[in-house]
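# Overview (structure and organization)
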Amino acid sequence: MVATNSVLGLYDNPDAGANAMDGLKSAGFPLGSFDVLTGTPYPEGAFGEYVPQHRLFRFPFFGAMVGLMLAILFTAGTQLAYPVITGGKPILAFFAMLIIAYELTMLGAVIATVVGIIFESRLPNLNLGAYDTRITEGYIGVVVECEDDRVEEARGVLQTAGALEIKTA
Amino acid sequence: MATSSLIADVTDNRPSNQEATVDLAGEGRTAASSGLKLFLWALAAASVLGFIGIAFRFINDGGRQEWGYYAATLAFMMTVFGGAPIVAIAPAIAKANWARPAARIASLASIATAMTALMMIPLLFKLPPLTVFSEALGDDIRRTSIWFDSPDYAPHFWNVLILLTLALAGLAMAYLMALPDFAAIRDHGSGWKQRWGKKLARGFHGRPQQWEWLKMRIGVTGAFYFAILLFANFTFSIDFAMSLVPGWKDAILPFYHTISSMQAGIAFTILGIWAARRWGGVSKYVGHEQMWSLGKLLLATTLLWFYFFYSSFIVFWYGRTATDTLTLKLLVSGPYIYVFWTVFLLAFIAPWWVMIWNKVRDSVWGPPIAATMVLIGLFFDRIRLYVASWSAEPDNLELAKLSMLEKMPDTVWPDVFDVFIMVGLPAFGLLGILLVTRLVPVVSLWEVQQSRLITKPIRFMRTHVMLVGKPD
């Protein structure tokens, strides 16, 4: 199903915006098809909005594991390939390997985090839909993406919540 | 006991969101005043003098010792402009509400850090090589440095890479912190500002997901910047100062360099918000709270300056080997003794004495006075470290191999071109920052709006306080 319309309700106080979000949920608009636009970050879930789950935390963990494996491979491999006893210590000396292991673990975690951020950001949404410049002045925008047959219903819900203005794009 | 009865509402006199938008992103942002234009032209003229100074240094190159003031000036710029963005990062991580109006000024210093990184490239040509062939020994001789075994392109290529990474991380962080304000300029600005706002906002419409990712990106670039800043101070202080002096081995110097960079960054931010308040038309947004909080941080880093200096000094003092004595003489009690005492007075004694008084810290004029002293003091400190190091002849690595300063150099006084460089290059950095502030508001609009959202002035019993909410 391709959403063809973007309907925006503009509110001058956050409570009315949250009510509009509740109204859209009650009217059966699917989660993810409506969103809130604000000029400043509000605490997550303040409007009861849909919060997409990201998996960024998995990336540093994976990167750290890869880094640690590589470090063990490098240090153990080098020392086994060139077995020189230094200071009477064992060939595979834990404390000497620990430094390289720490560095490569951190490096793996950092690189994977950067890659993770790019990956989890997904492709930019070029169709931004309806918008009002007063949003960056502190007004709250509630935007719904829906097909032609639900535009009037969406406008009704937004109006009921006390929208100052409704725009369609 | 019911605590809610102790709290009562009071009138909120802070500018509304609409007012702030007009002031910081809309029609309130007027064209540059004649005073500002004059100041920008003065900075531009000083910058030209700085580049004339560099050109003459190249044309009349009289040896390594003549580049000391250039190295000291760049070290000072990296100290100040490189350290300032930390003021934007650290309080944001700690969710300190007071820092919001100061964060933009601090983050914009990375513009000048990027310019410093580029100006560093000519100096790299003047760094002596790590090894030379000795006919007497029939083998390569390596001077003391952190680049064991003298890998290819070290230290030149790696220093450029580190400084450019620092600059890019800083610019990325400054851009991300300004992204929502570009959206506000796109929506409420006019003319060229609106066109640039539209280009730079890149479709930012304030969706929760956009805010979430913005927060993460600021966090990641901030952490990355902090890590690279430590590394840049480490390599710069060793390659451009310590390794040029035979026998100078000091594990504390890089940390001394870093902590004084943070001290200078805080001082720069204090002066920046003071100037923005005085001439930038943002007195409604910055005031006592920022001065007071930054003043406390300045006092703390001033005390840390002494701690790190003394930790380093005492090792040489008790060491008392011939090398230790010569190093101490070069940097403290010898040709730069008056510079050292100026540093000690201006980077520690005077700001410490000024800032221990709460009444002074909690004023709009006290912290800027201390900050000015700190910046002057640290400028002399970089002269003490870098001019002395670049004057420590010879380049002869066979003598350097002895790990002993052959002879104590005389004091190197600046000539007119050194003065051009010392005035011109910091002016060039400042010019870059001020030109960017013609587009980017000096106080972050979205952070001001967020601050208004999560704070509320209240009456608590018989006094007035600010109630602060900390989301997340």
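Quick note: structure is the one above.
Residues numbered from 1 in each chain as written. Chains lettered and ligands numbered in written order. Predicted model: local features only at pLDDT ≥ 70, side-chain atom pairs only at ≥ 80, totals over all residues. Heavy atoms only, no water.

## Things to note about the interface of chain A and chain B
Taken together, the contact pairs 29 residues of chain A with 26 residues of chain B. A combined buried area of about 2,600 Å² lies between chain A and chain B, and 60% of that area is made up of carbon and sulfur atoms. When the buried area of chain A at its contact with chain B is split by residue, P41, L128 and E137 of chain A rank highest and sum to 24% of it. The interface formed by chain A and chain B includes 2 salt bridges. The salt bridge involving E145 of chain A is made with R207 of chain B; its shortest N-O contact spans 3.6 Å. Counting every contact that joins chain A to chain B gives 12 residue pairs in polar contact (both at pLDDT 80 or more). Within the residue set of the side of chain A that touches chain B, elements represented by two or more residues are β2 (34-37), α3 (94-121) and β3 (140-146) of chain A. (Contact = heavy atoms within 4.5 Å. Buried area = accessible area lost by both parts, 1.4 Å probe. Salt bridge = Lys/Arg side-chain N within 4 Å of Asp/Glu carboxyl O. Polar contact = N/O pair within 3.5 Å; in protein donor to acceptor, adjacent residues only side chain to side chain. Helix = DSSP H or I, 4+ residues; strand = E, 2+ residues; numbered from the N terminus.)

## Overview of the sheet that holds strand β4 (residues 455-460) of chain B
All names here are of chain B. On the basis of which strands lie adjacent, the open sheet formed by 3 strands has the order β1-β4-β5 and antiparallel pairing. The sheet is open, and its two edges are formed by β1 (7-9) and β5 (463-468), each paired on a single side. Averaged over neighbouring strand pairs, the angle between their axes works out to 45 degrees when direction is ignored. Relative to β4, β1 is paired through 3 bridges, and the arrangement is antiparallel. Following the sheet pairing, I7 is matched in β4 by F460. (Pairing = 2+ DSSP bridges. Axes fitted to C-alpha atoms, helices over the stretch in contact; angles between N-to-C directions.)

## Quick word on unusual backbone geometry
Residues and elements named next belong to chain B. Geometrically, the link from A154 to P155 is a cis peptide bond, its omega value of -5 degrees lying close to zero. Take P155: it is sitting in the loop between β3 (139-142) and α6 (156-188). Positioned with a positive phi, K95 is a non-glycine residue whose angle comes to about 55 degrees. Secondary-structure assignment places K95 in the loop between α4 (85-93) and α5 (100-124). Residue class for K95 comes out partly exposed when judged on its relative accessible area of 35%. (Buried < 20%, exposed > 50% of the residue type's maximum accessible area, 1.4 Å probe, protein only.)

Don't take any of this as a statement about function, it's just geometry.
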